[in-house]
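Descriptive analysis of the structure
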Amino acid sequence: MLRNYIKVAYRNLLNQKFYSLLNILGLSIGIACCLLIAFYVLDELSFDKFYENADRICRVGLMGKIAGQEIQTTNTCPPLATVAIQEFPEVINSTRIFVYDNNQVIRYGEKVWPEEKVYYADSTFFELFDFKLIEGNSATALKEPNTMVLTQPVAQKYFGDDIALGKTLVVGNDKKTYTVTGVMEPLPSNSHFDFTILFSMATMEYSRNDGWLNNSFMTYLLLHPDASPQELESKLGSLVEKYVGSEIQQYLGMSLETFQKQGGKYGYFLQPMPSIHLYSHISDEMEPSGDIAYVYIFSAIALFIILIACINFMNLSTARSSNRAKEVGIRKTLGTQRKSLIIQFMAESVMVSFISTLLALILAALLLPGFNNISGKSLSLWYFTVPGVLAGLLGLMLVVGLLAGSYPAFYLSSFKPVEVLKGKLIAGMKSKGIRNGLVVFQFFISISLIICTSVVYNQLLFARNKNLGFNKENVLVISNLYRLPEGKQQAFREELINQSQVINASISNNVPPGVNNTSIFRNKTTDEDHIVSTYNVDYNHLPTMQLSLVLGRNFSKEYLTDTAAILINEAAVKEFGYENPLNEIILSPFGKNDDLIPYKVIGVMKDFNYESLRNKVRPLALKLTENGSNLSVRIATGDARAIINMVEEKWKSYAPDEPFEYSFLDEDYDALFRTEQRLGKVFSIFTGFAILVACLGLLGLATFTAEQRTKEIGIRKVLGASVTHVVVLLSKEFTKLVVIAFLLAMPVAYFSMYQWLQEFAFRTEIKPGIFILAGIAALLIAWVTVSFQAIKAASVNPVKSLKSE
C-alpha cells in the first residue's frame, strides 16, 4: 500500500511539473532559511554551557545609584572573591579576571607583536573554567608572578611548531620577562571570554588592593551543588554593610544610612554563567553581548518564511482542486475510503517536503559562508552532529509536509462523488475565501519585514550621519602613545604638526567614544555628589576635535593657573544646577589625604556625543594634561594611505622597535553599531527570501487563474479587449489582497519598531514615507509577478483560447 501511495504521488508530481517546481522551490528556500536561522539560534543559546559546572558558576555584578545616576557594571572590587568564600558556605571557589584595555606589546627575539584581548586571571581560573591545556599543568600555570598562558594560535604565531612551555617573552613598555607556563586549546566561539593571553594575577600589585570602592575586576563564584543563587544573592547585601559602609563614610563624608536615605544604592547581584551572553546588558562587558530579543526575532522570521512556503502549497493544491476532483470521485465510487485519500494526499505532500529538504541542505551549505560573513558567526554544517539537530530536521520535514498537505488533503477528500461526476463542483470556490486570506497573510508578513528593515536601515543611517557635536571625519587616532620614549610625546606631536598634511593634533588620556572614566565631583556650596565622566586633554584638544564652546574659553598656556581649571559640558551645567557656571568652583574629593581638590570652571562646551547614541549625553569634565596615551591627529582630505605612511615613518624614527597602531575616529563610532549593522543585513536578506517565496506562490496562483479563465480571455479579446485591459483584469483581485495586507501590516510594524527604537537615546523618526514606499514596493512586486503570467495569457491567439476546454 505504501509503495502505491509513493508511486501515485510521484506520477502526480511529474504530471504537474510547473506547480511541483514552484512548491519544491518555495519549500527549499523556506527550509534553508530555517536551517541557517536554527544554526544561529543554537549558537546563541549554547554560549557558556560547555563548562562542566556551568550551571553552578555565577558572575557577580555591581549595581548602585550615586548622585542620581544608576550604575550596573561587571566590575567589582579586588577583595570580593576571597571574602565571598570566607563569608558564605554556598561559595566553594572563586576567581577574578582583569581585562587589559590597551594592546599589550609582546617581544620574542627581534619580533614584536601588538597583542589585543589580554586578561589577567587568578590561579583558580582553570578550576572554574575547564579549558584544556595542550602544554603545561592547569593547576599551577597561573600561580607564580610573571607567568602566562597562551592560546594555541598565539603560541603557533610566536614559536611555530616548537614547544612553547618554558620559553620567555618580553612584555610591555617596561619590558618585563614572562615565562610561558601553559598553552591552551583555542577558545570556543560560543564563550563570552575572548582572550589571546592570560597573565597571572599574582603579577599585578593592584590585585592585592583591599579597597571595596576600587571596582576593576570581574568576579566569578563556583557555588555548592545544593546552593541557591537567589538565596546567596540576598545575602550579598551584608558585605555592603560590613565592608563598603566605612569607605562611603571615608570618601563621601556620610554614613551608609545617610547615603541610602538620600536615594543612594550600592549592592551586588549574581548572573548565572549560561545567561550572561543573552541576558546581560550592563556596562563593561568583555565583548558585546547578544540579545535574547534577536533570538526571538530571527526565530519568528524563520517560522514566518516556512509558513509562507506552506501556504503556497495549500493555495496551489486547493486552487487546482477541480483538476483532481474526478480522480477523487472515481476513487470513492470504487470504494476508496476517505482515510485512504487523506493518506494519499499527505504522502504527496511529504514527498515534496522530502525533496525540498534535500535541496535545502545543498542551498544552506552554499549560503552558509556568506551568512557567517554577514552575521559575524563561525557556523558550520557540523551542527548536524549536535544531538537532536538531525532528528529536528527530519521532524521539520514531516511537520512541513503534514502542515502543507493537511488542508488540501482534508479539503480534496471531502468531495462528494455524485456532485463531482455530474460536473456540479465549481473549481476551488469553497476554498477561495481561505485562499485569499492566506495570500493576505503572506504579504502581511512580507510588508511587515520590509517596513522593519527600512526602519533599522534608517536608524543606522541616522547614527552614521548625526551631528555628534564635533567632527569625527579625518581624525587619525594613535592609541599607544605611551610606547614612545619618555619625554618624547610632545616632540612627536610637534613634528607631525609641522607636516602640511596635518591640520592639528592633540594628546589625551581618552578619545571618544572610549571615554569610560567617571569621577565624583561636588558643588562648592553643597555636599551633594555628582557623577561626571572625565578625561584629561592638552591645549589643542578642542580645536583638533572641532568642539564648540558656548561660554568661556579653552585651556591656554597664557594662564598658568589652568592646571587647576576645568571645562564642562552643558549636561554638567544642568547637573550642578548652575545659572552662570563661569568661575564656579567644583571640588574633587580624591586628593591626597582625602583633601578636596578645587577646579575652576573656565569654559562650557556644547554637548557632544562622546559615547554611543544609545546613551543620552551625560555630564562631562575635561582637565588639563601634558601627557597621555592617545594622540588624535586631524589630517587634510586627500590620500589617507600616504598620510598614514608618513605618520608611521615619523613614529619609527622615535620608536623603531614599537608597533605602529592606529584607527580612524569615524570607524570607531561605526563599530558601536556593528550588532545593529549585522541585524540590518540579516533582516534584509531574510526579508528578500520571504518576498521571493511569497512571489512564487503568487506566480502559481496567477498561472492557475489565467488557465481557468482562458476562454473568458479569448472572448474578451474577440470583443476588442486590449492586452492591458486583460492584464488589469487578472491583476485586480491580487491588488486588493496586497492592499489589505498593507493596511494590516502598518500598525503591527510601527509598534514593533517603535519599541526597538526606544533602546536609543538618539533615534530617527518612523516617517510615513517608509510605509508608503513599503506599500508601493509590495504592489510593484505583486504586479510584476502577476503581470508576467497575465501578459502571457493575454497574448495568446483568441482562436486558440476559444478552442480550449
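Residues numbered from 1 in each chain as written. Predicted model: local features only at pLDDT ≥ 70, side-chain atom pairs only at ≥ 80, totals over all residues. Heavy atoms only, no water.

**Here we look at the environment of Ile308**
Among the structural elements, Ile308 can be located in helix H10 (residues 292-319). Here Ile308 falls in the buried class, since its relative accessible area comes to 0%. Along the primary structure Ile308 and Leu27 are separated by 281 residues, whereas in three dimensions their C-alpha atoms are 8.8 Å apart. Apart from residues no more than four positions distant in its own chain, Ile308 is found in contact with Gln442, Ile445, Ser446, Ala690, Val693 and Ala694. (Helix = DSSP H or I, 4+ residues; strand = E, 2+ residues; numbered from the N terminus. Buried < 20%, exposed > 50% of the residue type's maximum accessible area, 1.4 Å probe, protein only. Contact = heavy atoms within 4.5 Å.)

**Considerations on the pattern of salt bridges**
Counted by the stated rule, this structure contains 18 salt bridges. Here Asp43 ties to Lys377 by a salt bridge, and the two come within 2.7 Å at their closest N and O atoms. On the criterion of sequence distance, the pair formed by Asp43 in helix H2 (residues 17-45) and Lys377 in the loop between helix H12 (338-375) and helix H13 (389-412) is long-range, its members being 334 residues apart. Across the pair, exposure class does not vary: Asp43 and Lys377 are buried alike. Ionic pairing is found between Lys235 and Glu90, a salt bridge with its closest N-O pair at 2.5 Å. Separated by 145 residues along the polypeptide, Lys235 in helix H6 (residues 229-235) and Glu90 in the loop between helix H3 (80-87) and strand E3 (91-100) bring together distant segments of the chain. (Salt bridge = Lys/Arg side-chain N within 4 Å of Asp/Glu carboxyl O.)

**What about the nonpolar core?**
Within the largest apolar cluster, 114 residues are counted, with the highest numbers of intra-cluster contacts made by Phe443, Ile447, Phe555, Leu622 and Phe686. Residue contributions to this core peak at 15 residues, all from H2. Beyond its immediate chain neighbours, meaning those up to four positions away, Phe555 contacts Val537, Asp538, Tyr539, Asp562, Ala565, Ile566, Leu567, Ile602, Leu622, Lys623 and Leu624. Grouped together as the second largest cluster of nonpolar side chains are 29 residues, Leu236, Val244, Met254 and Ile531 included. (Core = buried A, V, L, I, M, F, W, Y, C linked by side-chain atoms within 4.5 Å.)

**With respect to the packing of H3 against helix H7 (residues 237-252)**
Where H3 meets H7, the closest approach of the two axes is 12 Å, and the angle between their N-to-C directions is 125°. When the interaxial angle is binned, H3 and H7 end up oblique. Here H3 and H7 pass one another in a crossing that is right-handed. Side by side, H3 and H7 meet where Leu80, Val83 and Glu87 of the first sit next to Leu239, Lys242 and Tyr243 of the second. Across the contact of H3 with H7, the residue classes break down as 4 nonpolar, no polar and 2 charged. (Axes fitted to C-alpha atoms, helices over the stretch in contact; angles between N-to-C directions. Parallel < 35°, antiparallel > 145°, perpendicular 65-115°, else oblique. Left-handed = near helix turned anticlockwise from the far one by under 90°. Nonpolar A, V, L, I, M, F, W, Y, C, P; charged D, E, K, R; others polar.)

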